[in-house]
Structure formats: C-alpha cells, structure tokens
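Working through the structure, step by step
One letter stands for each residue in the lines below.
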Amino acid sequence: MDTNPEPHPETVVMTWYGDGAIAATSDSHESAKALHGNGFAYDPSERAFVLPHNGDTSQQARRVQAVGQQLEYHGIGVIMRHRPRNT
C-alpha cells in the first residue's frame, strides 16, 4: 500500500459554449497567468476566465493552444469539453 501518494496534478477545465465563448476554471497563479495572458478575462459572476467569441475561430484556437502549451510547461493539464445540453 502506498502511504505517500503523489498529489494529482492540477487540471484546467475549459468549457466551449454554444455561442462560441470558452470558459476556464483556474486553481493556481500559473494557470490564471496563462489564461489572462492569452485573452481570457476573469468573470466573477461565472467564477471563471472567459474568452469571448469574436467571430475568428482560428484566433481563438491559437489562444487556447498557447494556453495549453504554457500550462503543459508547468505540469498543468487541460480538459476541453462542450457545455452540457439542457435536458
């Protein structure tokens, strides 16, 4: 039995909304810095960093990819998901 398990690495969860905006949660200074530096703005009502959709999906994809590369450097994972559908 392992009495000293390794801590789980941090993971940033990005949610892609139907209107094209992407929201991301952050639990550390490094992930918040990467998100903010790539155009995500903190929205206190959402309790998340939000990258609004400006009509240029290629620019948005580049920003998300840049965040992913910066977070990978710090050992932080990224999960991208679609917003759950209302049922």
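Read on for an overview of the structure. For clarity, every value in this text was computed on a predicted model and none was experimentally measured.

**Examining the packing of aromatic side chains**
Evaluated as defined, the whole model comprises one aromatic pair. For the pair Tyr42 and Phe49, a centre-to-centre distance of 5.2 Å together with 65° between the ring planes defines the contact as edge-to-face. Given the relative accessible area of 47%, Tyr42 is considered partly exposed.

**Observations concerning the side chain of Glu10**
Tracing the sequence through the fold places Glu10 in the segment before β1 (11-16). Among buried charged residues, Glu10 stands out as having no salt bridge; its nearest opposite-charge side chain is Lys33, 13 Å away.

**Things to note about the nonpolar core**
Ranked by size, the top nonpolar core spans 13 residues in total, and within it Met14, Leu35 and Phe40 carry the most contacts. The set of elements that each furnish at least two residues to this core consists of β1, β2 (22-24), α1 (29-37), β4 (48-51) and α2 (57-73). Here this core gets three residues from one element, more than from any other, and that element is α2. Setting aside anything within four residues of it in sequence, one finds Met14 in contact with Ile22, Ala23, Ala24, Leu35, Phe40, Val64, Val67, Val78, Ile79, Met80 and Arg81.

**Comments concerning the side chain of Gln60**
Residue position: Gln60 is located in helix α2. Judged by its relative accessible area of 6%, Gln60 falls in the buried class. Within the structure, the side chain of Gln60 is placed 2.8 Å from the backbone oxygen of Gly20, a separation counted as a polar contact. Discounting chain neighbours no more than four positions away, the residues touching Gln60 are Gly20, Ala21, Ile22, Leu51, Pro52 and His53.

**Quick word on the pairing of β1**
Looking at chain direction, β1 and strand β5 (residues 77-82) are connected through six bridges and run parallel. In the strand pairing of β5, Val13 is matched with Ile79. The sheet contact formed by β1 and β2 spans three bridges and is antiparallel. Bridge pairing in β2 places Trp16 opposite Ile22. If you look at the hairpin formed by β1 and β2, you'll find five residues sitting between the two strands, and Gly20 has a positive phi there, around 95°.

**Examining the sheet that holds β2**
Taken in spatial order, the five strands make up an open sheet running β3-β4-β2-β1-β5, and their pairing is mixed. Only two strands of the sheet have a single partner each, and these edge strands are β3 (41-43) and β5. Recorded for the sheet is a direction-independent mean angle of 30° between the axes of neighbouring strands. Looking at chain direction, β2 and β4 are connected through three bridges and run antiparallel. For Ile22, the partnering residue across the bridge sits in β4 and is Leu51. Helix-sheet contacts for α1 involve β1, β2 and β4, and the interaxial angle to β4 is about 20°.

Cut-off values and rules
- Residues numbered from 1 in each chain as written.
- Predicted model: local features only at pLDDT ≥ 70, side-chain atom pairs only at ≥ 80, totals over all residues.
- Heavy atoms only, no water.
- Phe/Tyr/Trp six-rings, centres within 6.5 Å; stacked < 30°, edge-to-face > 60°.
- Buried < 20%, exposed > 50% of the residue type's maximum accessible area, 1.4 Å probe, protein only.
- Helix = DSSP H or I, 4+ residues; strand = E, 2+ residues; numbered from the N terminus.
- Lys, Arg positive; Asp, Glu negative; His and termini not counted.
- Salt bridge = Lys/Arg side-chain N within 4 Å of Asp/Glu carboxyl O.
- Core = buried A, V, L, I, M, F, W, Y, C linked by side-chain atoms within 4.5 Å.
- Contact = heavy atoms within 4.5 Å.
- Polar contact = N/O pair within 3.5 Å; in protein donor to acceptor, adjacent residues only side chain to side chain.
- Pairing = 2+ DSSP bridges.
- Axes fitted to C-alpha atoms, helices over the stretch in contact; angles between N-to-C directions.

Just geometry here; none of it tells us what the structure is for.
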